[in-house]
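Secondary and tertiary structure notes
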Amino acid sequence: DSAINDSSLYMSFLATNNRSAGELCAQELITRVGGPDKTGKIAIMSYVAGVGSEIGSVGGFRDYIEANSKLTNVNTYYSNAEMITAMNQTTDVLAANPDLIGIFGANEPTAVGMGRAIKTKVMSGKLVAIGFDGDQNLQGFIKDGTLQGIAVQSPYNMGYLGVKAALDAMEGKKLDKDIDTGIVFVTKDNIDSTEAKQVLY
């Protein structure tokens, strides 16, 4: 999920391009709140500051919002990847910002806590909520309208492309240093599709 610092120690690193995934989540949120000219408040519910995947996904999300919209981020909150902490933080954010129009939960426990807070505050459908990862809880939130979308990493591609890269290396073929294993943006409209079922768990 996060590459080691010394790239000489590995032949190829296979993972989600977290920055691209964060940018995709930002694009979806902007579209769903009303487009790039829409003004309003959003919040970012992150997990652990400074880890590679967080720098990529949250950095990509934040930078895209700043460069391509008129939305204002009220703050970025760090749950330490604890669902209860994320739920309490989201509850506080919603109470302090009743006019919030968008919110992003940047990993699974954080997005689950965010979703539970939105449901508890009876805010489902009243703001655009985008999550990351795809466990059963998040799938339920997509189906009932609590979340409008989740960016889901592809464990299938990680396994398939990982084995392929290992075989290519054994045969002396040149490998790309970084291989993007892809992302699927899952919504209520495509959650039952074959593409979504390959990545949901």
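Summarised in this report is the structure supplied together with it. (Residues numbered from 1 in each chain as written. Predicted model: local features only at pLDDT ≥ 70, side-chain atom pairs only at ≥ 80, totals over all residues. Heavy atoms only, no water.)

1. Side note on the environment of glutamine 148
Examined against the element boundaries, glutamine 148 turns out to sit in the loop between helix 5 (136-144) and strand 6 (149-153). Here glutamine 148 falls in the buried class, since its relative accessible area comes to 19%. Sequence separation between glutamine 148 and serine 124 is 24 residues; the distance between their C-alpha atoms is 9.5 Å. In this structure, glutamine 148 is in contact with Arg32, Gly125, Leu127, Val128, Ala129, Ile130, Ile142, Val186 and Thr187, ignoring residues within four places of it in sequence. Engagement of the side chain of glutamine 148 in a polar contact is seen with the backbone nitrogen of alanine 129, the distance being 2.7 Å. Only 3.0 Å separates the side chain of glutamine 148 from the backbone oxygen of glycine 145, close enough to count as a polar contact. (Helix = DSSP H or I, 4+ residues; strand = E, 2+ residues; numbered from the N terminus. Buried < 20%, exposed > 50% of the residue type's maximum accessible area, 1.4 Å probe, protein only. Contact = heavy atoms within 4.5 Å. Polar contact = N/O pair within 3.5 Å; in protein donor to acceptor, adjacent residues only side chain to side chain.)

2. Regarding helix 5
Inspection of helix 5 places Leu138, Gln139, Phe141 and Ile142 among the buried residues, and these make up the whole buried set. On an axial view of helix 5, the arc spanned by its buried residues comes to 160 degrees, and they lie on one face. Buried positions along helix 5 lie against helix 4 (108-120), strand 5 (128-132), strand 6 and strand 8 (183-186). Residue glycine 145 follows helix 5 closely and has a positive phi angle near 90 degrees. (Arc of directions from axis to C-beta.)

3. What about the pattern of salt bridges?
Side chains bearing opposite charge may pair, as long as their charged atoms lie close to each other. Within the structure shown, the criterion is met by 9 salt bridges. For glutamate 23, the salt bridge identified is with arginine 19, shortest N-O distance 3.7 Å. You can see glutamate 23 and its partner arginine 19 sitting in helix 1 (residues 18-33), 4 residues apart, about one turn around the helix. By relative accessible area, which is 25% here, glutamate 23 ends up partly exposed. Arginine 19 sits in the partly exposed class, given a relative accessible area of 34%. When the shortest N-O distance is used, the salt bridge between lysine 173 and glutamate 171 registers 3.4 Å. (Salt bridge = Lys/Arg side-chain N within 4 Å of Asp/Glu carboxyl O.)

4. Concerning the pairing of strand 3 (residues 70-78)
In this sheet, strand 3 lies alongside strand 2 (residues 39-46) in parallel orientation, the contact comprising 7 bridges. From the neighbouring strand, glycine 40 faces strand 3, where its bridge partner is leucine 71. One crossover worth recording links strand 2 to the parallel strand 3 by way of helix 2 (residues 52-68), and it is right-handed. (Pairing = 2+ DSSP bridges. Right-handed = clockwise from strand over helix to strand, strands pointing away.)

5. Section: the sheet that holds strand 2
What links the strands of a sheet is backbone hydrogen bonding, and the strands pair in either a parallel or an antiparallel sense. Read from one edge of the open sheet, 6 strands run 3-2-4-5-6-8, paired in mixed fashion. With one partner strand each, in any of the chains shown, strand 3 and strand 8 form the two edges of the open sheet. Here the strands of the sheet are splayed against their neighbours by 15 degrees on average, with no regard to which way each runs. Where strand 6 and strand 8 come together, 4 bridges link them in antiparallel fashion. Within strand 8, the residue paired with alanine 151 across the bridge is phenylalanine 185. In this fold helix 2 packs onto strand 2, strand 3, strand 4 (100-105) and strand 5, with an angle of close to 175 degrees to the strand it touches most, strand 2. Against the sheet, helix 3 (residues 83-96) engages strand 2, strand 3 and strand 4, with an angle of about 165 degrees to strand 2. (Axes fitted to C-alpha atoms, helices over the stretch in contact; angles between N-to-C directions.)

6. Observations concerning the packing of aromatic side chains
Scanning the model with the defined rule gives 3 aromatic pairs in all. When the centroid spacing of 4.3 Å and the interplanar angle of 15 degrees are considered together, the rings of phenylalanine 61 and phenylalanine 104 count as stacked. Within this pair, whereas phenylalanine 61 is found in helix 2, its partner phenylalanine 104 is found in strand 4, the two being separated by 43 residues in sequence. The burial state of phenylalanine 61 is the same as that of phenylalanine 104; both residues are buried. When the ring of tyrosine 156 is compared with that of tyrosine 160, the centres are 6.3 Å apart and the planes differ by 5 degrees; the resulting orientation is stacked. (Phe/Tyr/Trp six-rings, centres within 6.5 Å; stacked < 30°, edge-to-face > 60°.)

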